[in-house]
There are 2 protein chains.
Amino acid sequence: MRLLVLDFLLKQQAAVSLNDLEAAFHRADRITLYRTLKTFEEKGLVHSIADGTGSVKYALCEEGCACAPEDLHVHFHCNICNETYCLPKSRIPEIALPENFKTEEISLIMKGTCASCS
Amino acid sequence: MRLLVLDFLLKQQAAVSLNDLEAAFHRADRITLYRTLKTFEEKGLVHSIADGTGSVKYALCEEGCACAPEDLHVHFHCNICNETYCLPKSRIPEIALPENFKTEEISLIMKGTCASCS
DNA sequence: TAAAGAATGCAATGCAGTTGCATGCAAACA
DNA sequence: TGTTTGCATGCAACTGCATTGCATTCTTTA
Ligand SMILES: [Mn+2]
Ligand SMILES: [Mn+2]
Ligand SMILES: [Zn+2]
Ligand SMILES: [Zn+2]
């Protein structure tokens, strides 16, 4: 199962939700797919994206990605096709914070129209 | 009810969730509070913040805020006190996007330790 | 081969958000 | 002033996503 899911993820251009997986593997149990994603995330194989749509998306990590703050890239959610993309080339710049605020994680979600839909 | 909620929001340092409101107004119905927040948001009185904790937070808009992309500020969620703060002084810088991507909304959530908790 | 451990499937639960509908209140109207 | 009309409130129910418990099946290892 995990091999099949990994294979599926490798073919994707956009991040996938649990529902997407379920639709692609209608013979597999939803919970198994859920736990597969969780395992992948735990092992650092994928990262999760809360794009504000209500369902969390998952995408394979780039080679050498430690999912650390300095690896963080921008995510883009298209309001037309409803796909969520990793934009690894759009890095999140340094943000000035008030005194004594310490950052551990950053997430930057942009919404709009993607290249395919414009 | 709306006046009471507005009054409550004016006193807050951090963004509030529906549950926070419910706790503060235990005599009011959860749905009424929900619809009050929705009305406020629709009228541009508050903006909502999806901080990734699973419950949406709401905070009063600044004077003159149009909730437009150029008004967008950073939100900070403290992992210790679990409060979510607006950081109106931390503006979101321009992000370089791939060609033909058009931005309509941006949300930048930082997580870590806030000034009170460090 | 037998035992131990991990993966899978089914069922049930929790929780945030949302909607329908009936009722109550209060402003606008004649 | 009495009536109508529109909006606010409260209750109930429902949705969708995420999560957990437990029994079963498969795989690895002694
Ligand atoms: Mn990504
Ligand atoms: Mn804010
Ligand atoms: Zn698109
Ligand atoms: Zn704090």
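Residues numbered from 1 in each chain as written. Chains lettered and ligands numbered in written order. Predicted model: local features only at pLDDT ≥ 70, side-chain atom pairs only at ≥ 80, totals over all residues. Heavy atoms only, no water.

All names here are of chain B. Coordination of the zinc ion (ligand 4) by the protein involves Cys78 (SG), Cys81 (SG), Cys114 (SG) and Cys117 (SG), with metal-donor separations of 2.2 to 2.4 Å. Considering all four donor atoms around the zinc ion (ligand 4), the spread of angles at the metal, 103 to 117°, places the coordination shape in the tetrahedral class. The motif formed by the donor residues of the zinc ion (ligand 4), counted along the single chain, is C-x2-C-x32-C-x2-C. One end of the pair, Cys78, is in strand 4 (residues 73-78); the other, Cys114, is in the segment after strand 6 (102-113), and 36 residues separate them in sequence. Take Cys114: its relative accessible area is 1%, and that puts it in the buried class. (Donors = N, O, S within 2.8 Å, 3.2 Å for Na, K, Ca; no water. Tetrahedral: all angles 85-135°; square planar, octahedral: opposite > 155°, others 65-115°. Helix = DSSP H or I, 4+ residues; strand = E, 2+ residues; numbered from the N terminus. Buried < 20%, exposed > 50% of the residue type's maximum accessible area, 1.4 Å probe, protein only.)

Residues and elements named next belong to chain B. Mapped onto the fold, Lys57 is located in strand 3 (residues 57-60). Residue classification places Lys57 among the buried residues on the basis of a relative accessible area of 6%. One polar contact links the side chain of Lys57 to the main-chain carbonyl oxygen of Ser55, over a distance of 3.3 Å. Residues in contact with Lys57, not counting those within four places in the same chain, are Ala15, Val16, Ser17, His47, Ser48, Ile49, Asp51 and Thr84. (Polar contact = N/O pair within 3.5 Å; in protein donor to acceptor, adjacent residues only side chain to side chain. Contact = heavy atoms within 4.5 Å.)

Our next topic: the sheet that holds strand 3 (residues 57-60) of chain A. All names here are of chain A. Reading across the sheet, the three strands line up as 1-3-2 and stay open at both edges, with antiparallel pairing between neighbours. Each having just a single partner strand, strand 1 (16-17) and strand 2 (46-49) make up the two edges of the open sheet. Relative to strand 3, strand 1 is paired through two bridges, and the arrangement is antiparallel. Each bridged residue has a counterpart across the sheet, and for Ser17 the counterpart in strand 3 is Lys57. Of the strands in this sheet, strand 1, strand 2 and strand 3 touch helix 1 (residues 2-11), which is tilted by about 85° from strand 3. Its contacts with the sheet put helix 3 (residues 30-42) on strand 2 and strand 3, and the angle it makes with strand 2 is roughly 110°. (Pairing = 2+ DSSP bridges. Axes fitted to C-alpha atoms, helices over the stretch in contact; angles between N-to-C directions.)

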